[in-house]
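# Inside the fold
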Amino acid sequence: MTATLQTGFHVKAFEDFLTTRNEPDWMTAKRRTAFQVFKESSMLDLDPEEYKRIDLRVFQENKYSIQKSESGHSQNYETLLAGRADFGGYITHTDGHCQQTHLSDELKAQGVLFGDLASMLRDHGDLLKPHLLTNAVDPSTDRFSAWHTAFLTGGTVLYVPRNTEVKQ
């Protein structure tokens, strides 16, 4: 089960959303900057050249809302490959929230980090800061990239230290 925060993507909803995050200050600042870009770019018409192959008239952002996990919520799902092979790690997410994660002791000993984005930001934010939301998703690109950066909740991070030969 999930509880809904404020409906819509306005300032109050954004501020309420930030109170649910346990992230480094730099990530909160990145979100705030992205939210400002989202607000400003939402007032502009979409570039018809950029979106000429996508019919965005059917996209209605007011039909979406921000979700947060209720305390004690943990529903684990079995994956199709569970028990069929030996994996160095696995992770499962439900509605943008991590339910379970595992990384073998052997990989941990080699300095490999693996987990959900929220935990990795909290525990290893210094490693993520130079890379997160800088190339693949640049929040200054357009309103959708800014929206993603401001409100993202889930994700999986795999960090393999340089010059590490992962043996599993």
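These notes cover the structure that comes with them. Worth saying up front: this structure is predicted, and the values here are computed from it rather than measured.

### As for unusual backbone geometry
- The phi torsion at Leu 133 lies on the positive side, around 60 degrees, for a residue other than glycine.
- You can see Leu 133 is positioned in the loop between helix H4 (117-128) and helix H5 (143-151).
- On the basis of relative accessibility, which here comes to 10%, the residue Leu 133 falls in the buried class.

### Concerning a nonpolar patch on the surface
- A grouping of Leu 80, Leu 81 and Phe 87 is seen on the molecular surface, where their side chains present a nonpolar patch of about 340 Å² in accessible area.
- Following the sequence through the fold, Leu 81 ends up in the loop between strand E2 (65-69) and strand E3 (89-94).
- Residue Leu 81 is classed as partly exposed on the basis of its relative accessible area, which comes to 49%.

### Thoughts on H4
- With 12 residues, H4 extends just 10 Å between its outermost C-alpha atoms, more than 12% less than the 16 Å of an ideal straight helix rising 1.5 Å per residue.
- Among the residues making up H4, those that are buried are Leu 117, Met 120, Leu 121, Gly 125 and Leu 128. Angularly, the buried residues of H4 cover 135 degrees about the axis, an arc narrow enough to put them on a single face.
- Where the residues of H4 are buried, they touch helix H2 (25-42), strand E5 (113-116) and strand E6 (156-159).

### Some thoughts on the pattern of salt bridges
- Going through the model one piece at a time under the given rule, you end up with five salt bridges.
- Across the pair Glu 23 and Arg 21 runs a salt bridge whose closest N-O atoms are separated by 3.4 Å. Of the two residues examined, Glu 23 and Arg 21, each falls in the buried class.
- Several salt bridges share partner residues, and in doing so they unite Arg 21, Glu 23 and Arg 31 into one network.

### Quick look at the packing of aromatic side chains
- A complete count under the given rule lists six aromatic pairs for this structure.
- When the ring of Phe 17 is compared with that of Phe 151, the centres are 5.5 Å apart and the planes differ by 45 degrees; the resulting orientation is tilted. Placement of Phe 17 in helix H1 (residues 11-19) and of Phe 151 in helix H5 is noted, with a sequence separation of 134 residues between them.
- When its relative accessible area of 10% is taken as the criterion, Phe 151 is described as buried.
- With a centroid separation of 6.2 Å and an interplanar angle of 40 degrees, the aromatic rings of Phe 35 and Phe 38 are classed as tilted. Of this pair, Phe 35 and Phe 38 both sit in helix H2, three residues apart, roughly one helical turn.
- Take Phe 38: its relative accessible area is 4%, and that puts it in the buried class.
- An aromatic cluster is built from Phe 14, Phe 17, Phe 35, Phe 38, Trp 147 and Phe 151, whose rings are joined through pairwise contacts.

Procedures and definitions
- Residues numbered from 1 in each chain as written.
- Predicted model: local features only at pLDDT ≥ 70, side-chain atom pairs only at ≥ 80, totals over all residues.
- Heavy atoms only, no water.
- Helix = DSSP H or I, 4+ residues; strand = E, 2+ residues; numbered from the N terminus.
- Buried < 20%, exposed > 50% of the residue type's maximum accessible area, 1.4 Å probe, protein only.
- Patch = residues over 30% accessible without salt bridge, like charges linked within 9 Å, V, L, I, M, F, W, Y side chains within 5 Å.
- Areas by Shrake-Rupley, 256 points an atom, 1.4 Å probe, with all protein chains shown as cover.
- Salt bridge = Lys/Arg side-chain N within 4 Å of Asp/Glu carboxyl O.
- Expected span 1.5 Å × (residues − 1).
- Arc of directions from axis to C-beta.
- Contact = heavy atoms within 4.5 Å.
- Phe/Tyr/Trp six-rings, centres within 6.5 Å; stacked < 30°, edge-to-face > 60°.

Fair warning: the whole summary comes from geometry, so function is off the table for now.
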